[in-house]
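# Structural overview
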There are 2 protein chains.
Amino acid sequence: MNQIRILLVDDHPVVRAGLRAMLSDFEGISVAAEAADGDAALRELKRLQTLGDPVDVVLMDLQMGAGMDGVTATAQIRLLEAAPPVLILTTYDTDADILAAVEAGASGYMLKDAPPEQIRQAVLAAAAGQTALAPKIAALLMNRIANPAPALTPREIQLLELLATGLSNRAIAKKTFISEATVKTHLVHIYGKLGVDNRTAAISEATQRRIIRAPGQ
Amino acid sequence: MNQIRILLVDDHPVVRAGLRAMLSDFEGISVAAEAADGDAALRELKRLQTLGDPVDVVLMDLQMGAGMDGVTATAQIRLLEAAPPVLILTTYDTDADILAAVEAGASGYMLKDAPPEQIRQAVLAAAAGQTALAPKIAALLMNRIANPAPALTPREIQLLELLATGLSNRAIAKKTFISEATVKTHLVHIYGKLGVDNRTAAISEATQRRIIRAPGQ
DNA sequence: CTCCGGGTCAACCATTTGGTTGATCCGGCG
DNA sequence: CGCCGGATCAACCAAATGGTTGACCCGGAG
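Everything numeric here is computed off the predicted structure, so don't read it as measured data. (Residues numbered from 1 in each chain as written. Chains lettered and ligands numbered in written order. Predicted model: local features only at pLDDT ≥ 70, side-chain atom pairs only at ≥ 80, totals over all residues. Heavy atoms only, no water.)

What follows covers the protein's contact with DNA strand C. The immediate surroundings of DNA strand C are formed by 19 residues, with Lys184(A), Thr153(B), Arg155(B), Ser179(B) and His186(B) found nearest. Taken together, the sugar and phosphate atoms account for 67% of what DNA strand C places within 4 Å of the protein. For DNA strand C, a phosphate oxygen lies 3.3 Å from a polar atom in the side chain of Arg170(A). One of the side-chain nitrogen or oxygen atoms of His186(B) is found 2.7 Å away from a phosphate oxygen of DNA strand C. Listing elements by their share of the surface near DNA strand C, those giving two or more residues are helix 8 (169-176) and helix 9 (180-194) of chain A together with helix 9 (180-194) of chain B. Considering each element in turn, the surface near DNA strand C owes the most residues, 5 residues, to helix 9 of chain B. (Near = heavy atom within 4 Å. Polar contact = N/O pair within 3.5 Å; in protein donor to acceptor, adjacent residues only side chain to side chain. Helix = DSSP H or I, 4+ residues; strand = E, 2+ residues; numbered from the N terminus.)

This is the structure in structure tokens:
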């Protein structure tokens, strides 16, 4: 069997070195290239494709400091012709992350604290066109399907974002040109959907579920 | 010059592999041992000491899923006889993290997205008994000195952290074994120092100033 | 010793937020 | 057409939060 050629995408040199070292220990797997963010990954993919040296699997981190983030990058990659499968390898396991990645077309989702052997299995599965989910992730998804989270409306998300900046109900009302009463109504709905009963908890919960960005991010 | 012997402490196999690979590329540096958490690190240190094979520098992550966390581990290590310098290598750069680590006796603070050469320099500095701060961290500290942030007391930071998880005043009081009145007093002080006038704004401001971590991080 | 700052608490009051009920408007769907 | 859900608003009450004043204890600096 041919070598499985991999593109590593991670903004941490340390992690890239670790994956390179770990993967090169395995028979049949080799690291073809590396990239520090989504843009660079796309460039690398195209470059290698035109060289007639395409990669078989992309190993992608989700959080990348500066450039294009992992979910966006995954979606972009899946738009390419002859797009390689994208295997997500990240530290975060919020359901929002996972769902976003899967929606973007990821073919697997692993956590960085996984033992080497699990990562190897996932790479092999991805290369074979199969899906690979870390056990933790699989459990999370099952749970998600069992109790589906109520979806927030765009308006509610908008208010949630203003909420997170520290505005009062009145200030939010002014800024969105609605009455304070309406703001309160929305908030009550939001609390219900998030399973909390005050604004700070809503912010905390929404941030953890990655419905909104962390304040100041 | 003798080899600098290092103990790696990180709960992610991937990261350990990366550091091992990266460090072994450098002349004069070798990885003597690895540990997945603080407890294991202490055991390793003692074991190697009794073997007459002590390590020169500990490279320590701050966040470790299960076992003893990095700050605690650092403090414990510094209590040992002939304690080696501890160099923190982590993803997080909030004030609270940095201060806690320095207080615990860390001799350096690097970020995981640092280029290999910077990490190497930091290891050499630590081995020589010097302090090594990542440029980003140094800049952060300088900035803190330039615009004298009204210093929050440790107690205030602690309450701020609880605040950010969405707890009510009463819940915070219960959790910290103080009265609700005292919680309010602290909050008023916090609002004053941060220049805000409500709890959500305090969270937003404190997160942006990196006094605390974003909720859920 | 005295002073000061951090941490603790109480009492009080104004304002904000939380929670409920009910109502209107509008756009899409069967 | 009638129904439903999202968005809007009002009125009302209960509870939490914000803001102030004053007080006590303690440990460290002068």
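Moving on, we get to the packing of helix 7 (residues 154-164) of chain B against helix 10 (residues 199-208) of chain B. Residue and element names in this part refer to chain B. One can describe the packing of helix 7 onto helix 10 by two numbers: an axis separation of 10 Å at closest approach and a directional angle of 110°. By the angle class used here, helix 7 and helix 10 are roughly perpendicular. Along the contact surface, helix 7 presents Leu160, Leu163 and Ala164, while helix 10 presents Arg199, Ala202, Ile203 and Ala206. Residue classes in the contact of helix 7 with helix 10 are distributed as 6 nonpolar, no polar and 1 charged. (Axes fitted to C-alpha atoms, helices over the stretch in contact; angles between N-to-C directions. Parallel < 35°, antiparallel > 145°, perpendicular 65-115°, else oblique. Contact = heavy atoms within 4.5 Å. Nonpolar A, V, L, I, M, F, W, Y, C, P; charged D, E, K, R; others polar.)

For sheets, the rule is that strands pair by backbone hydrogen bonds, running either parallel or antiparallel. Residue and element names in this part refer to chain B. Strand order in the open sheet formed by 6 strands is 2-1-3-4-5-6, and the pairing between neighbours is parallel. One side of each edge strand has no neighbouring strand; the edge strands of this open sheet are strand 2 (29-35) and strand 6 (132-133). Sheet topology note: the strand 4 (residues 86-90)/strand 5 (residues 108-111) ladder contains 4 bridges and is parallel. Considered in strand 5, the bridge of leucine 87 is made with glycine 108. (Pairing = 2+ DSSP bridges.)

The interface is formed by 35 residues belonging to chain B together with 35 residues belonging to chain A. Between chain B and chain A the total buried area reaches about 2,400 Å² when both faces are included, carbon and sulfur atoms providing 69% of it. Between the two partners, chain B and chain A, sit 2 residue pairs in polar contact (both at pLDDT 80 or more). Those elements that provide at least two residues to the side of chain B that touches chain A are helix 1 (13-24), helix 5 (116-127), helix 7 and helix 10 of chain B. The element that contributes the greatest number of residues to the side of chain B that touches chain A is helix 1 of chain B, accounting for 8 residues. For the side of chain B that touches chain A, a count of residues per class yields 19 nonpolar, 12 polar and 4 charged. (Buried area = accessible area lost by both parts, 1.4 Å probe.)

With that settled, the discussion passes to the protein's contact with DNA strand D. Inspection of the region around DNA strand D gives 19 residues, with Thr153(A), Arg155(A), Ser179(A), His186(A) and Lys184(B) positioned closest. Across the atoms of DNA strand D situated within 4 Å of the protein, the share located in sugar and phosphate is 68%. Thr182(A) is positioned such that a nitrogen or oxygen atom in its side chain is 3.0 Å from a phosphate oxygen of DNA strand D. Of all the elements in the fold, those that place two or more residues in the surface near DNA strand D are helix 9 of chain A together with helix 8 (169-176) and helix 9 of chain B. Broken down by element, the residue count for the surface near DNA strand D peaks at 5 residues, all from helix 9 of chain A. Counted by class, the surface near DNA strand D contains 5 nonpolar, 8 polar and 6 charged residues.

This part covers the packing of helix 8 of chain B against helix 9 of chain B. Residue and element names in this part refer to chain B. Contact geometry for helix 8 and helix 9: axes closest at 8 Å, N-to-C directions at 110°. Taken together, the axes of helix 8 and helix 9 are roughly perpendicular relative to one another. Between helix 8 and helix 9, the contacting residues are Asn169, Arg170, Ile172 and Ala173 on the first element and Glu180, Val183, Lys184 and Leu187 on the second. Each residue belonging to the contact of helix 8 with helix 9 can be placed in one class, and the counts come to 4 nonpolar, 1 polar and 3 charged.

What follows deals with the packing of aromatic side chains. Enumeration according to the criterion identifies 0 aromatic pairs over all chains in this entry. For the cation-ring pair, Arg120(A) lies above Phe26(A), with the distance from its terminal atom to the ring centre recorded as 5.6 Å. (Phe/Tyr/Trp six-rings, centres within 6.5 Å; stacked < 30°, edge-to-face > 60°. Lys NZ or Arg CZ within 6 Å of the ring centre and 35° of its normal.)

It is worth spelling out the sheet that holds strand 4 (residues 86-90) of chain A at this point. Residues and elements named next belong to chain A. The sheet built from 6 strands is open, its strands ordered 2-1-3-4-5-6 with parallel pairing. The open sheet has two edge strands, strand 2 (29-35) and strand 6 (132-133), and neither has a second partner. Relative to strand 2, strand 1 (residues 4-9) is paired through 6 bridges, and the arrangement is parallel. Bridge assignment links isoleucine 6 to a residue of strand 2, and that residue is valine 31. Relative to the sheet, helix 1 (residues 13-24) contacts strand 1, strand 2, strand 3 (57-60) and strand 4, its axis offset from that of strand 2 by approximately 165°. The strands that helix 3 (residues 70-79) touches are strand 3 and strand 4; relative to strand 3, the one it contacts most, it runs at about 165°.

Shape is all these values report; function is a separate question.
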